[in-house]
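# Secondary and tertiary structure notes
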Amino acid sequence: MSDNQLNVLVVCGSLRQNSYNAALARTLPALTPPGMALQAGPPFHTIPIYNHDIQDATGFPAEAVAWADAIRSADGVIIVSPEYNWSIPGGLKNAIDWVSRMKDIPFKEKPVALQSCATGALGGARMQYHMRQCLTSVDAFLFGKPEVLVSFSAKKFDEKTLALTDQPTIDIVKQQLGAFEKFVRRVNGRK
Ligand SMILES: Cc1cc2nc3c(=O)[nH]c(=O)nc-3n(C[C@H](O)[C@H](O)[C@H](O)COP(=O)(O)O)c2cc1C
């Protein structure tokens, strides 16, 4: 990684083996400009459900601390997530809830871009709007447009390999990554 290259964390909200969101997340390194190096975030699915009593008794779970550290040390974060019942998947929301209770909130002033794949027509739009609300509460800086909403995902990835095959989707993802790099550099004061 060159000195000038940004270190960006990619968080996937789906745990499913054949997840479209995970497939999109895997595609990002090939579509990102050379100024950003992407790495996958640590697992969050093993973090227990938030309970203030656990925090009081034994402190923050090690997995929550590792997740927070990865976010803190990144220049920016890309969240690629499905929408569950019109909102943020519970496991991912739980991880955000844990790190929101830490003194040095990892999302504070962190540039964050959102992407979602859904099998339906809205492409995860309602998850994205809820995520914007949720992350605004922890002082993240949300990237605006272009938005990446992959509707009817089953038609946009190869059935067997899960490679992203839809050219308009590839194009908009590239555009967002290019614009996100500029946003991260502006927010972090990086040339
Ligand atoms: C618990 C659950 C809730 C869902 N709710 C929504 C929803 O509110 N909106 C939507 O567009 N799709 C919804 N879906 C369908 C997902 O878009 C679809 O399962 C998608 O493939 C999940 O993402 P993944 O492939 O990355 O796992 C839901 C799926 C599950 C399992």
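Residue positions are given per chain, counted from 1 along the sequence in the order it is written. Local features are withheld for residues below a pLDDT of 70 in this predicted model, meaning they are given only at 70 or higher, and side-chain atom pairs are given and counted only at 80 or more; totals for whole chains, interfaces and linings count all residues. Side-chain measures were taken over the full set of non-hydrogen atoms in the model, leaving aside hydrogen atoms and water.

### Observations regarding the pairing of strand E3 (residues 76-80)
Note on exposure labels: buried denotes an accessible area under 20% of the residue type's maximum, exposed denotes more than 50%, and partly exposed covers the range between, all computed with a 1.4 Å probe on protein chains only. Strands are runs of DSSP state E lasting at least 2 residues, helices are runs of H or I lasting at least 4, and numbering of each runs from the N terminus. Of all 5 residues that make up E3, 5 are buried, and the element is covered over most of its length. Where burial is concerned, the two faces of E3 agree: the one with Gly76, Ile78 and Val80 and the one with Val77 and Ile79 are both buried. The rule for pairing is simple: two strands pair if DSSP sees at least two bridges between them. Pairing analysis gives 5 bridges linking strand E1 (residues 6-12) to E3, with the strands arranged parallel. The residue bridging Val10 from the neighbouring strand is Ile78, located in E3. Pairing of E3 with strand E4 (residues 111-117), which is carried by 4 bridges, proceeds in the parallel orientation.

### Describing the site of the ligand
A single heavy atom is enough: if one lies within 4 Å of a molecule or strand, its residue is considered near that molecule or strand. Near the ligand there are 13 residues, and of these Ser14, Arg16, Ser19, Asn21 and Trp86 occur at the shortest range. Here Ser14 contributes a side-chain N or O atom positioned 2.7 Å from an oxygen atom of the ligand. The contact in question runs from a nitrogen atom of the ligand to an N or O atom on the side chain of Glu83, over 2.8 Å. Computed on the free molecule, the ligand has an accessible area of 620 Å², of which 72% lies beneath the protein chains in the complex. We call Asp, Glu, Lys and Arg charged. Ala, Val, Leu, Ile, Met, Phe, Trp, Tyr, Cys and Pro are nonpolar, and the rest, Gly among them, are polar. Residue classes in the shell around the ligand are distributed as 5 nonpolar, 5 polar and 3 charged. N or O atoms closer than or at 3.5 Å make up a polar contact, with two conditions inside protein: a donor-capable atom paired with an acceptor-capable one, and, for residues adjacent in sequence, both atoms drawn from side chains. Using the Shrake-Rupley algorithm and a 1.4 Å probe, accessible areas are obtained, with residue cover drawn only from the displayed protein chains.

### Describing the environment of Thr46
The topology assignment puts Thr46 in the loop between strand E2 (36-40) and helix H2 (52-58). Classification of Thr46 as partly exposed rests on a relative accessible area of 41%. The spacing of Thr46 and Ala163 is 117 residues in sequence and 28 Å in space, taken between C-alpha atoms.

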